[in-house]
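As a plain string of letters, each chain reads:
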Amino acid sequence: MTQPIIHESLAENNDVVLEKRKNLPEFDRKLLEYEDALALCLNAVQDPVGTEELTLENSLGRVLREDMISQVFVPPESRSMMDGYAVIRDDVKCATDDHPVTLTQIDNVPAGHVSMKRLGPGETIRIMTGAVMPQGANAVIRLECSRCLDGRQVIIMEPVGENPYVLLKGQDLVPGIVTAKSGTLITPAVMGVLASCGVSRVKVSRRPTMAVIATGNELVDPGQIPGAGQIYNINGYSLYGLSMAAGAKPVYGGIVRDKSDDLLHVLCSHMDKDIILLSGGVSVGDYDIVHETLVRAGVEEIFWRVKVKPGKPLFFGRKGKTLIFGLPGNPVSSMVNFYVFVRPVIDKLSGKQTYGLDTSKARIINNRIIQPGRRKFYRGRLSSRNSRLEVEIIPEQRSGVFSPMATANVLIEIPGHIKVLKTGDMVRVHHLDCSR
Ligand code: AMP
Ligand code: MG
C-alpha cells in the first residue's frame, strides 16, 4: 500500500451545517428496499470491463472471457496408472496366489518412453506409472502382485480386477469439450485443467480499477500517532483488502478531511477509475459533506439510503463510466455494505457468471431477540455438524464494535419482519471469503 496522502484542513463551515439542517426533512423519505438497491447497483453495470491476455501462471483469480475448448485428447495416449506389468487381460484372468500365471517379459518402458514392441499371448512388458501402454496390452498388474524370476520370467499372482489400472486415451478430455466457460473464475484447479490441454495464455478481464478514500477529521493512519480525539483509519484498509480479494485493483486514496473542497479535489482526481469507494460522512451529521460534494462533482445519484442494518446511509451514483459508492463510516457498516452491494458490482464488472457472495441455508444454534424493521446482516460463525450447516450468531452485534468482523465467516441475513431467532430456525448465510 502506498503512503497515504493526507488532505489537511478542518471543516470550518457554517454554510455546510446550515444547508444540512435545511435538508433534514428530505432525508426522512422512504428507504429503498435491499433487493431494489441491489438491482439498481447491478443495472448500473452495462458491460464488463475490457480484457487482457495473460500467461497461464499469472491468471489465478482472474475471470475468463472466452470459452476454452480442448483441442487435444487428455491423456493423449492410454497410460499405465501403476508401476507394474502390462498384460493381455485374458492371459491373467484366472491368476491367483495359489495358481499364478507365468509370462515372458519382452521389454521395459519408463514414463516418457514408448515401447516399440507389440505384446503377444503369454508376454508382458514391465511398465512404470505414466508410461504409454504398449500395443496389444489392455491391463496392468501391479508390481506388488507379481514376482520377477530372472529378468525374463514374471509370475503374476493377481487376476485383472474391476480397475485394470489403465487410463484410456481421452478418458479425461477429448477435442471439442468445453473445459471452462467464459465467466469462470480461474482457480488453481482451472489452471491445472487448462495446463492439461496445453493452454499457455488466456484472455481474461482486466481488474476493475478502484479508489478507496476514507473521510473524517478524526482519522489518522496506522503508523502515525493519534492526537486527542483521533482514531485509526480502519476502512481505508478493510475496504482496500476487500477490493483486492474481490479481484479488483484498488489504489489507496488516503484520508480526506470533512471539507467539501478537499473531497471534491480528490474525487476529481479519481474519475478515471471504474469504482470510487468513499467511506464516512455520508449521513446527515453537521460534518457529513459527502453527499453535497458528490452533487458538486456532477455525480448522478442513483440512490441514497437503504433499508438495511448496518449501513442505512449508503449512497450510490455514477459519473460517466465511474460508479461511486458512499459507504457509511462505521467500519462494520462499511464492510457489510461492501459485501452486500459493492462486491456484486465488482463481480459483474469483472464478467463473472454469478454476482456476490455464495449463500446457503443454515440452522441457528443460539437465541436472539431482533428489533424488527430493516433487513439485517449479522455476523455469524458457520460450522458443519453431522453434515448439517450450523450458525452461531456472534453475541456482540453492535456495529461500533469491529473486531468480531475478523472472527465471523458468514453474514446472517435476517428479513425485516423477524422479531426473534431461536435455536433450530433456518436462515440464509452469505459466506465471507475470508481466506483471500
Ligand atoms: P460517519 O459516517 O463519518 O459519521 O462515521 C461514523 C462512525 O464511524 C464515527 O464514529 C467515525 O469516527 C467512524 N469512522 C468513520 N470513518 C472511519 C474509518 N475510516 N475508520 C474507523 N472509523 C471510522
Ligand atoms: Mg465522519
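What you are looking at is a predicted structure, and each value in this text was computed from that prediction instead of being measured.

**Focus on the overall build of the protein chain**
Thought 1: From N to C terminus, the protein chain includes 8 helices and 29 strands.
Thought 2: Here the C-alpha atoms of the protein chain give a radius of gyration of 31 Å, more than 25% beyond the 22 Å that 2.2 N^0.38 yields for 436 residues.
Thought 3: Counting all 436 residues of the protein chain, 48% fall into the buried class.
Thought 4: Pairs at least 24 apart in sequence give 71% of the contacts found in the protein chain among residues at least 6 apart.
Thought 5: Charge centroids of the protein chain, computed over 52 positive and 48 negative side chains, lie 4 Å from each other.

**Notes on the pattern of salt bridges**
Thought 1: Taken as a whole, this structure holds 16 salt bridges when the rule is applied.
Thought 2: Among the ionic pairs, Arg-398 bridges to Glu-396, the shortest N-O distance being 2.6 Å.
Thought 3: Judged by relative accessible area, which is 23%, Glu-396 ranks as partly exposed.
Thought 4: Put simply, Arg-428 and Glu-413 hold a salt bridge, and the shortest N to O gap is 2.7 Å. Here Arg-428, found in strand β29 (residues 426–431), pairs with Glu-413, found in strand β27 (residues 410–414); they are 15 residues apart in sequence, far enough to count as distant.

**A closer look at the site of ligand 1**
Thought 1: Of all residues adjacent to ligand 1, which total 15 residues, the nearest are Glu-218, Asn-233, Ile-234, Gly-281 and Gly-329.
Thought 2: In the model, a nitrogen atom of ligand 1 is placed 2.9 Å from a nitrogen or oxygen of the Ile-234 main chain.
Thought 3: Interatomic distance of 3.3 Å between a side-chain N/O atom of Asn-235 and a nitrogen atom of ligand 1.
Thought 4: When the free accessible area of ligand 1 is taken as 480 Å², the share hidden by the protein chains comes to 72%.
Thought 5: Grouping the constituent residues of the shell around ligand 1 by class yields 6 nonpolar, 7 polar and 2 charged.

**Concerning the confidence of the model for the protein chain**
Thought 1: Residues with a pLDDT of 70 or more make up 93% of the protein chain, whose mean pLDDT is 92.
Thought 2: Across residues 1–14, confidence stays below pLDDT 50; counting only partners more than four residues off in sequence or on other chains, it has 31 contacts.

**Concerning the nonpolar core**
Thought 1: Ranked by internal contacts, the top residues of the largest apolar core, which has 42 residues, are Leu-277, Phe-325, Phe-338 and Phe-341.
Thought 2: Of all the secondary structure elements, the ones that give two or more residues to this core are α2 (34–43), β14 (209–215), α5 (235–245), β18 (275–279), β22 (322–327) and α8 (331–349).
Thought 3: If one sorts the elements of this core by residue count, α8 sits on top with 11 residues.
Thought 4: If you count residues domain by domain, this core takes at least three from each of domain 1 (8–50 + 207–349) and domain 4 (359–431).
Thought 5: Not counting the four nearest positions on each side in its chain, Phe-341 is found in contact with Tyr-34, Ala-37, Leu-38, Cys-41, Val-306, Val-308, Leu-314 and Phe-325.
Thought 6: Counting 18 residues, the second-largest nonpolar core is a separate cluster that includes Ile-213, Val-256, Leu-264 and Leu-278.

**Notes on the packing of aromatic side chains**
Thought 1: Evaluated as defined, the whole model comprises 5 aromatic pairs.
Thought 2: For the ring pair Tyr-34 and Phe-377, a centre distance of 5.3 Å and an interplane angle of 65° mean the geometry is edge-to-face. Here Phe-377 lies in strand β25 (residues 375–385) and Tyr-34 lies in helix α2, a separation of 343 residues in the sequence. For the pair Tyr-34 and Phe-377, a shared accessibility class is recorded, and that class is buried.
Thought 3: Between Tyr-237 and Tyr-252 the ring centres are 5.2 Å apart and the planes differ by 40°, which places this aromatic pair in the tilted class. On the criterion of sequence distance, the pair formed by Tyr-237 in helix α5 and Tyr-252 in strand β17 (residues 249–256) is long-range, its members being 15 residues apart.

**Here's the deal with the packing of α5 against α8**
Thought 1: Where α5 contacts α8, the two axes come as close as 10 Å, and the packing angle between them is 15°. Our classification of the angle between α5 and α8 gives roughly parallel. As for how α5 packs across α8, the hand of that crossing is right-handed. Residues Asn-235, Ser-238, Leu-239, Leu-242 and Ser-243 of α5 touch α8, and the partners they reach there are Pro-331, Ser-334, Met-335, Phe-338 and Tyr-339.
Thought 2: For the contact of α5 with α8, the class distribution of residues is 6 nonpolar, 4 polar and no charged.

**Focus on unusual backbone geometry**
Thought 1: In this model, Val-74 is joined to Pro-75 through a cis peptide bond whose omega is -10°.
Thought 2: You can see Pro-75 is positioned in the loop between β3 (68–69) and β4 (79–80).
Thought 3: The omega angle of the peptide bond from Lys-309 to Pro-310 is 0°, so this bond is cis rather than trans.
Thought 4: Mapped onto the secondary structure, Pro-310 falls in the loop between β20 (308–309) and β21 (315–319).
Thought 5: Within the chain, Tyr-165 stands out as a residue other than glycine whose phi angle is a positive 60°.

**A closer look at empty space enclosed by the protein**
Thought 1: In this structure the tally under the stated criterion is 1 cavity of 30 Å³ or more.
Thought 2: The volume enclosed by the largest cavity comes to roughly 70 Å³.
Thought 3: Together, 13 residues line the largest cavity, and Gly-61, Arg-62, Val-63, Gly-247 and Ser-350 are the ones closest to its centre.
Thought 4: Class assignment of the residues belonging to the lining of the largest cavity gives a composition of 4 nonpolar, 4 polar and 5 charged.

**Regarding the side chain of Ser-350**
Thought 1: By the secondary structure assignment, Ser-350 is in the loop between α8 and β23 (359–364).
Thought 2: Owing to a relative accessible area of 5%, Ser-350 belongs among the buried residues under this scheme.
Thought 3: When sequence neighbours within four positions are dropped, the list of residues in contact with Ser-350 reads Val-49, Val-63, Arg-65, Ser-205 and Pro-208.

**So, the packing of α2 against α8**
Thought 1: Interaxial distance between α2 and α8 falls to 9 Å at its minimum, and their mutual angle equals 30°. By the criterion of interaxial angle, the relationship of α2 to α8 is roughly parallel. In this structure, α2 meets α8 at a crossing whose hand is right-handed. When α2 is examined against α8, the residues Tyr-34, Ala-37, Leu-38, Cys-41 and Leu-42 are found in contact with a partner set consisting of Val-340, Phe-341, Pro-344, Val-345 and Lys-348.
Thought 2: Partitioned by chemical class, the residues of the contact of α2 with α8 number 9 nonpolar, no polar and 1 charged.

The rules behind the values
- Residues numbered from 1 in each chain as written.
- Chains lettered and ligands numbered in written order.
- Predicted model: local features only at pLDDT ≥ 70, side-chain atom pairs only at ≥ 80, totals over all residues.
- Heavy atoms only, no water.
- Helix = DSSP H or I, 4+ residues; strand = E, 2+ residues; numbered from the N terminus.
- Rg over C-alpha atoms; globule rule 2.2 N^0.38 Å.
- Buried < 20%, exposed > 50% of the residue type's maximum accessible area, 1.4 Å probe, protein only.
- Contact = heavy atoms within 4.5 Å.
- Lys, Arg positive; Asp, Glu negative; His and termini not counted.
- Charge placed at Lys NZ, Arg CZ, Asp CG, Glu CD.
- Salt bridge = Lys/Arg side-chain N within 4 Å of Asp/Glu carboxyl O.
- Near = heavy atom within 4 Å.
- Polar contact = N/O pair within 3.5 Å; in protein donor to acceptor, adjacent residues only side chain to side chain.
- Areas by Shrake-Rupley, 256 points an atom, 1.4 Å probe, with all protein chains shown as cover.
- Nonpolar A, V, L, I, M, F, W, Y, C, P; charged D, E, K, R; others polar.
- pLDDT = per-residue confidence, 0-100.
- Core = buried A, V, L, I, M, F, W, Y, C linked by side-chain atoms within 4.5 Å.
- Domains from an automatic or database assignment.
- Phe/Tyr/Trp six-rings, centres within 6.5 Å; stacked < 30°, edge-to-face > 60°.
- Axes fitted to C-alpha atoms, helices over the stretch in contact; angles between N-to-C directions.
- Parallel < 35°, antiparallel > 145°, perpendicular 65-115°, else oblique.
- Left-handed = near helix turned anticlockwise from the far one by under 90°.
- 1 Å grid on protein atoms, 1.4 Å probe; cavity = no way out; pocket = protein on both sides within 12 Å on 5 of 7 lines; lining within 4 Å.
- Points joined across faces, edges and corners; volume = space filled by probe spheres on them.

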